[in-house]
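Descriptive structure summary
Single-letter residue listing:
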Amino acid sequence: MTQSENWPQAGLTRLILPSPVGRIGTGAPDPEPELLARLGPDTAMMMGDNPALPRMPAKPRLVDFFTHRFNDVTFRHLLTSAKRALDEGQSEKVVLGCLLHDLSNGCLVRCDHGYWSAQMIAPYVDEEVAWAVKYHQALRYFADEQMGYSYPESYRLFFGPDYVPPDYIRRDAEEARKHKWYATSRLITLYDIYFFDKSEPIDPELFTDLLGRHFRTPEEGLGFDGSPVAHMWRTMIWPNNFL
Ligand SMILES: [Fe+2]
Ligand SMILES: [Fe+2]
């Protein structure tokens with residue numbers, strides 16, 4: 001058996017149709033008609049493990065997504081945020097929130113990333129951590145000088161100097177400010193800084209013990225526990241599946 005035969009669809013040319021949410025509006029043409037026209041005895045629409053990606057273990061843990069799937073910026077950003085919170089003696093809930101706050105950016109979806117990330121982790125972490133991750137998205141747009149948080153310079157660069165967040169972001173930030181867990185979410189925004197090329201490499205295993213205490217990894221592995229969010233994790237395992 002050759003190496004390529006260890007993969008599904010061996011011997012066929014695998015055709016990949018990128019998910020529309022990542023392509024629409026970018027100016028790239030819709031590749032679907034052309035891919036469908038190429039289907040024949042030697043081709044197949046990609047399903048299952050993609051040989052171009054590291055193969056995930058059968059029972060994936062959170063750290064496997066960090067090391068096998070996440071893009072470099074998200075990988076470093078999450079680890080650096082969490083390490084800073086840890087070094088400054090923040091609670092384990094805050095450190096965990098920092099480690100998970102932009103999870104969906106790693107390999108799933110960027111739009112409304114705080115909401116997606118919160119949903120992805122909700123079955124596995126304390127309710128306060130998922131709440132804080134959800135609301136960090138809205139709180140990031142509003143300064144709280146008492147807590148030492150100013151509007152991020154990076155946002156001026158990302159969105160332009162006159163960007164105004166939409167109403168739902170304003171509404172959710174106001175709701176968060178009145179909530180008993182406000183400080184947890186606000187602390188996530190404090191450590192939520194883009195380091196770009198300045199950060200030292202951090203081994204995700206640094207957080208293994210903390211995750212063992214506070215992240216309830218399902219026995220079947222993330223993606224296979226039948227939870228309401230399992231499909232989100234499976235989408236990251238097989239991001240190129242046609243259906
Ligand atoms: Fe974020
Ligand atoms: Fe972030």
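Residues numbered from 1 in each chain as written. Chains lettered and ligands numbered in written order. Predicted model: local features only at pLDDT ≥ 70, side-chain atom pairs only at ≥ 80, totals over all residues. Heavy atoms only, no water.

**What about the overall build of the chain?**
When helices and strands are tallied, the chain shows 12 helices and two strands. Starting at the N terminus and walking to the C terminus, you meet the elements of the chain as β-α-β-α-α-α-α-α-α-α-α-α-α-α. Relative to its length of 243 residues, the chain is compact, with a C-alpha radius of gyration of 20 Å against a globular reference of 18 Å. Counting only C-alpha atoms and orienting by the principal axes, one finds that the chain spans roughly 65 × 40 × 35 Å. Looking at the chain as a whole, 44% of its 243 residues are labelled buried. By sequence separation, contacts in the chain at least 24 residues apart represent 70% of the contacts at least 6 residues apart. Put simply, the chain shows about 13,000 Å² of open surface, and 55% of that area lies on carbon and sulfur atoms. (Helix = DSSP H or I, 4+ residues; strand = E, 2+ residues; numbered from the N terminus. Rg over C-alpha atoms; globule rule 2.2 N^0.38 Å. Buried < 20%, exposed > 50% of the residue type's maximum accessible area, 1.4 Å probe, protein only. Contact = heavy atoms within 4.5 Å. Areas by Shrake-Rupley, 256 points an atom, 1.4 Å probe, with all protein chains shown as cover.)

**Notes on the coordination of the iron ion (ligand 1)**
Taken together, the protein ligands of the iron ion (ligand 1) are Asp102 (OD), His113 (NE2) and His136 (NE2), with distances of 2.1 Å. Sequence spacing among the residues donating to the iron ion (ligand 1) works out to D-x10-H-x22-H. (Donors = N, O, S within 2.8 Å, 3.2 Å for Na, K, Ca; no water.)

**Brief notes about the packing of helix 6 (residues 113-121) against helix 12 (residues 230-237)**
At a minimum axis distance of 8 Å, the contact between helix 6 and helix 12 shows a crossing angle of 105°. Considering the angle they form, helix 6 stands roughly perpendicular to helix 12. On helix 12, the residues that touch Trp116, Gln119 and Met120 of helix 6 are Met232, Trp233 and Met236. A per-class count over the contact of helix 6 with helix 12 returns five nonpolar, one polar and no charged. (Axes fitted to C-alpha atoms, helices over the stretch in contact; angles between N-to-C directions. Parallel < 35°, antiparallel > 145°, perpendicular 65-115°, else oblique. Nonpolar A, V, L, I, M, F, W, Y, C, P; charged D, E, K, R; others polar.)

**Topic: the coordination of the iron ion (ligand 2)**
Protein ligation of the iron ion (ligand 2) involves His77 (NE2), His101 (NE2), Asp102 (OD) and Asp192 (OD), the donor distances falling in the range 2.0 to 2.1 Å. Around the iron ion (ligand 2), the four donor atoms are arranged such that angles at the metal cover 86 to 175°; this shape is classified as irregular. Donor residues binding the iron ion (ligand 2) come from one chain and are separated in sequence as H-x23-H-D-x89-D. (Tetrahedral: all angles 85-135°; square planar, octahedral: opposite > 155°, others 65-115°.)

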